[in-house]
Amino acid sequence: MASFPFILQAHQGNHQVELAYNGQQLEFDGVDVDGSRRLIKTVEILNITIEHENSLVVAVASAKNGPKKEFVLERLVFQVRDKANAAQWQSNVLSHVYKDIKRGRHFKVLVNPFGGQGHAKRMWETIAEPVFKAAGCTYDLTYTTHRYHAKEIARDLNIRLYDAVVSVSGDGVLHEVINGLMERPDAIIAHKLPVGAIPGGSGNALSYSLLGEDHGGHVTNAVLGIIKGRAMPVDLCSVTQGQDRYFSFVLQSFGLVADVDLGTEDMRWMGEARFTVAAIGKLMSQQSYPCELSYIPVETNVDKIRSEYNYRRQQSVVWADQTHDELDQSHPTIVDRFGGVNAPLNKSDGWITESDEVITAVGAKLPWASKGMLLNPASSPNDGLVDLLVFPKGTGRINGMQIMMGTETGEHIYHNKVRYMKVKAFRLTPKNTSGYISMDGEHTPYTPYQVEAHRGLISVLSIEGRYARSMRE
């Protein structure tokens with residue numbers, strides 16, 4: 001490959017333009033009103049094509065409207081006189097732009113037409129699909145029609161045909177996809193098929209965790225992460241409940257958070273705001289829920305948790321193809337180290353058991369639950385631990401409001417009425433007869449359940465290789 005910068009002389013209308021790619025960004029003088037110099041980052045370049053003999057088209061997903069605005073798809077058209085030189089420049093730039101990343105990926109796309117108040121279908125057709133096409137990606141599209149449809153598709157999918165499964169919905173479709181992949185006879189292979197998340201539902205926890213508060217709801221940014229991302233290893237939580245076992249990747253919630261998640265279906269018209277509005281109402285009522293909570297603690301000091309979080313963020317990113325998980329030819333099934341919910345607790349494992357009333361108890365593997373709801377800010381993609389958040393009873397309305405305000409930024413975990421810890425596993429047994437238990441937003445029976453983390457069982461497409469920063473330094 002030629003050395004940087006890669007230079008190409010071109011024209012836009014009557015203006016001569018020099019296109020210079022230096023390995024970090026593409027630069028050229030703009031011809032708009034202010035004529036300012038355009039700087040387009042490598043990650044924003046989707047494709048370069050030569051059309052109609054002498055037209056060079058650079059497709060980009062750019063941040064031209066500002067760093068906190070949604071990226072926009074642009075087709076930058078230039079005229080070139082030396083087609084052979086332009087073709088060489090195109091080849092040089094694209095080879096670097098897609099270094100270590102497969103170009104022209106083929107995806108299985110699942111769109112929930114009922115997601116996001118019915119907007120997911122429109123988001124796919126008007127925003128996401130054009131970006132995939134501009135990047136030269138192909139896809140097999142299915143609109144889900146019923147509950148567990150995505151699970152059925154993932155279970156029966158010919159995984160060798162696809163580079164990833166992409167969901168355009170909330171987290172419920174991803175929950176189904178992951179459980180479908182894990183139920184397959186060839187789960188040893190299938191669990192390595194990456195997943196991608198395009199926000200099209202009410203919660204969109206994975207998208208916010210990947211892209212942060214500013215961009216978690218932005219479709220173009222999410223698509224860019226799928227096109228340009230690499231497979232990042234992500235932990236799964238094994239959940240045993242009754243005689244069943246399934247997998248969770250977002251939240252395992254009891255009490256207030258479960259009530260807000262599942263008991264507000266009549267408020268879906270409010271979109272993401274329904275979670276905040278309902279949570280405030282619940283906190284004001286000071287309702288508590290009796291339960292027995294058992295857990296194996298690793299760290300219960302919030303300052304130490306924050307220190308470990310910042311230490312991990314300073315370490316080099318590790319990608320899925322650089323790791324080894326517990327599913328392989330010698331270990332074809334997932335084994336829960338601490339038994340299931342029906343097994344007696346082994347005290348030698350370090351279990352601590354408490355019986356009391358709580359406002360909520362939430363296990364998590366994602367920092368964000370939704371926009372403005374940074375419930376578990378120290379959650380890491382692949383630390384092999386569950387983040388356990390507990391609001392004890394008797395918080396009080398003033399403290400409750402302070403805690404609720406803190407969930408927007410994750411500062412609530414420092415409140416003296418909040419307990420936040422890293423655990424290997426936990427078990428929760430409700431002590432009343434009815435209520436809500438939510439697993440990734442899915443309704444499950446109001447019976448005891450046990451949760452245990454398994455390191456790096458799935459992979460998620462990510463550009464950064466880690467979740468967006470969610471704790472202060």
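Just so we're clear, the structure is a prediction, and the values are computed from it rather than from any experiment.

Each value, and the rule that gives it
- Residues numbered from 1 in each chain as written.
- Predicted model: local features only at pLDDT ≥ 70, side-chain atom pairs only at ≥ 80, totals over all residues.
- Heavy atoms only, no water.
- Helix = DSSP H or I, 4+ residues; strand = E, 2+ residues; numbered from the N terminus.
- Axes fitted to C-alpha atoms, helices over the stretch in contact; angles between N-to-C directions.
- Left-handed = near helix turned anticlockwise from the far one by under 90°.
- Contact = heavy atoms within 4.5 Å.
- Nonpolar A, V, L, I, M, F, W, Y, C, P; charged D, E, K, R; others polar.
- Domains from an automatic or database assignment.
- Buried area = accessible area lost by both parts, 1.4 Å probe.
- Salt bridge = Lys/Arg side-chain N within 4 Å of Asp/Glu carboxyl O.

Colleague: An account of unusual backbone geometry is needed here, citing residue identities and associated values.
Modeller: That bond from Phe4 to Pro5 is cis: its omega, -5°, falls within 30 degrees of zero. Along the chain, the position of Pro5 falls in the segment before strand 1 (6-12). The backbone phi angle of Asp100 is positive, close to 70°, even though this residue is not glycine. As for its placement among the helices and strands, Asp100 is situated in the loop between helix 1 (83-97) and strand 8 (106-111). Backbone geometry at Asp440 places phi at a positive 55°, although glycine is not the residue there.

Colleague: Outline the packing of helix 3 (residues 120-134) against helix 8 (residues 219-228), listing residues and values.
Modeller: Two numbers describe how helix 3 lies on helix 8: the axes approach to 9 Å, and their chain directions differ by 35°. The two elements helix 3 and helix 8 meet at a crossing, and its hand is right-handed. The residues of helix 8 that touch helix 3, namely those facing Met123, Ile127, Ala128, Val131 and Phe132, are Val219, Thr220, Val223, Ile226 and Ile227. Looking at the contact of helix 3 with helix 8 residue by residue, the classes come out as 9 nonpolar, 1 polar and no charged.

Colleague: Account for the domain arrangement of the protein chain, with residues named and values stated.
Modeller: Where the parts come together, the accessible area they lose is often given as the size of the interface. Domain parsing of the protein chain yields domain 1 (6-97), domain 2 (106-235 + 463-472) and domain 3 (238-453). A straight line from the C-alpha centre of domain 2 to that of domain 3 covers 23 Å. Across the boundary between the two partners, domain 2 contributes 38 residues, which contact 55 residues of domain 3. Roughly 4,200 Å² is buried in total at the junction of domain 2 and domain 3, and carbon and sulfur atoms are behind 55% of that figure. Together, Asp235, Met471 and Arg472 form the three largest contributors to the area buried by domain 2 at its contact with domain 3, with a combined 18%. With its nearest N and O atoms 3.8 Å apart, the salt bridge here joins Lys371 to Glu213. The greatest single-element share of the side of domain 2 that touches domain 3, amounting to 7 residues, is contributed by helix 5 (residues 171-182). Residues belonging to the side of domain 2 that touches domain 3 are distributed by class as follows: 16 nonpolar, 12 polar and 10 charged.

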